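# Structure assessment
The residues making up each chain are set out below.
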Amino acid sequence: MADESQHLDRAMEDHVDRLRRQWARELPDLNTEPMAILGRAFRLGNLVRPSIEATFASFGLDRGEFDVIGTLKRSGPPYRLTPTEMYALLMISSGGLTHRLDRLEKAGLIRREKSPKDGRSVQVALTEAGAELAEQAFRTDMASELAFLEPLDEGERETLAGLLRKLILGIEEQISEAGPAAQ
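Residues numbered from 1 in each chain as written. Predicted model: local features only at pLDDT ≥ 70, side-chain atom pairs only at ≥ 80, totals over all residues. Heavy atoms only, no water.

Turning our eyes to something else, we now look at the packing of aromatic side chains. The final tally for this structure, using the stated rule, is two aromatic pairs. Summarising the aromatic geometry, the rings of phenylalanine 56 and phenylalanine 66 are spaced 4.2 Å apart at their centres and angled 10 degrees between planes, so their arrangement reads as stacked. Highlighted residues: phenylalanine 56 in helix 3 (residues 33-57) and phenylalanine 66 in helix 4 (residues 63-74), separated in sequence by ten residues. What links up through ring pairs into an aromatic cluster is the set Phe56, Phe66 and Phe138. (Phe/Tyr/Trp six-rings, centres within 6.5 Å; stacked < 30°, edge-to-face > 60°. Helix = DSSP H or I, 4+ residues; strand = E, 2+ residues; numbered from the N terminus.)

In structure tokens, the structure reads:
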């Protein structure tokens, strides 16, 4: 019976379980519990990333370009932000943002406009085509990502989302308390 139980457990193992089992054999004194959660979060991101990137590519966008038009779309009417607001929201360098804006402007998805408040500053505005593309791409992406969640019922998804939120808030607080050097 014990052999059958072990066989059943091995059959239910995921990639992270196998890694933890290997580390437990090599370093039996080391607690690998962080891998059970953070390792799985990392693995999860790696597993779904290709599908997300393929979805955006089917709309002629890379993930970074979608992030720009998606940020503008979710900012609400009039779908305009300053470059400073955008790179703060996107957490990328101003140079990286400029490169994305150049490509998106060339594609007719955004336009740069002088600020009505200050003619010296610029705002990035989503064009009608950009707004439509952002919505279509996001709707398609959410449908695709929802399919990945099928192994979990609604209650399990809510529980997992709540636990991940709690974990992220705790980590963000730890990083904030540690100061800018830790970020």
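Our next topic: the pairing of strand 3 (residues 122-126). Judged by how many residues are buried, strand 3 sits mostly within the fold: four of five residues are covered. Two elements, strand 1 (residues 80-81) and strand 3, share two bridges in a ladder whose sense is antiparallel. Among the inter-strand pairings, arginine 80 is bridged to a residue of strand 3, identified as alanine 125. Relative to strand 3, strand 2 (residues 110-114) is paired through five bridges, and the arrangement is antiparallel. If you follow arginine 112 over to strand 3, its bridge partner there is valine 124. (Buried < 20%, exposed > 50% of the residue type's maximum accessible area, 1.4 Å probe, protein only. Pairing = 2+ DSSP bridges.)

With that out of the way, let us pick up the side chain of threonine 127. Structurally, the position occupied by threonine 127 is in the loop between strand 3 and helix 7 (128-148). A polar contact is formed between the side chain of threonine 127 and the backbone oxygen of glycine 108, at a distance of 2.7 Å. With near-sequence residues (within four places) excluded, threonine 127 lies in contact with Gly108, Leu109, Ile110 and Arg111. (Polar contact = N/O pair within 3.5 Å; in protein donor to acceptor, adjacent residues only side chain to side chain. Contact = heavy atoms within 4.5 Å.)

Let's shift gears to the nonpolar core. Core analysis: the biggest nonpolar cluster contains 22 residues, and Leu61, Val68, Ile69, Leu72, Met86, Leu104 and Ile110 have the highest contact counts within it. Going through the elements one at a time, helix 3, helix 4, helix 5 (83-90), helix 6 (94-106), strand 3 and helix 7 are the ones with two or more residues in this core. Those residues within four positions of leucine 61 in sequence are excluded, and the remaining contacts are Phe56, Phe66, Ile69, Leu104, Leu109 and Leu133. (Core = buried A, V, L, I, M, F, W, Y, C linked by side-chain atoms within 4.5 Å.)

Let's shift gears to the pattern of salt bridges. Here the structure, examined in full by the defined rule, presents eleven salt bridges. With a shortest N-O distance of 2.7 Å, arginine 40 and aspartate 17 are connected by a salt bridge. Of this pair, arginine 40 sits in helix 3 while aspartate 17 is found in helix 2 (residues 15-26), placing the two residues 23 residues apart along the sequence. Residue arginine 25 pairs with glutamate 26 through a salt bridge whose shortest N-O separation is 3.1 Å. For the pair shown, arginine 25 and glutamate 26 are each scored as exposed. (Salt bridge = Lys/Arg side-chain N within 4 Å of Asp/Glu carboxyl O.)

Let us look at a negative patch on the surface. Judged by side-chain charge, Asp153, Glu154, Glu156 and Glu158 come together as a negatively charged surface patch. On the secondary structure map, glutamate 156 appears in helix 8 (residues 154-178). (Patch = residues over 30% accessible without salt bridge, like charges linked within 9 Å, V, L, I, M, F, W, Y side chains within 5 Å. Areas by Shrake-Rupley, 256 points an atom, 1.4 Å probe, with all protein chains shown as cover. Lys, Arg positive; Asp, Glu negative; His and termini not counted. Charge placed at Lys NZ, Arg CZ, Asp CG, Glu CD.)

A few words now on helix 6. In this model, helix 6 (13 residues) spans 18 Å end to end at C-alpha, consistent with the 18 Å of a helix rising 1.5 Å per residue. Residues Leu97, Arg100, Leu101 and Leu104 constitute the buried set of helix 6. Mapping the buried residues of helix 6 onto a view down its axis gives an arc of 105 degrees, with all of them on the same face. Buried residues along helix 6 sit against helix 4, helix 5, strand 2 and strand 3. (Expected span 1.5 Å × (residues − 1). Arc of directions from axis to C-beta.)

In space, the three strands of this open sheet follow the order 1-3-2, with antiparallel pairing throughout. Edge positions in the open sheet fall to strand 1 and strand 2, since each of these has one partner strand only. Helix 6 rests against strand 2 and strand 3 of the sheet, and its axis sits at about 110 degrees to strand 2. (Axes fitted to C-alpha atoms, helices over the stretch in contact; angles between N-to-C directions.)

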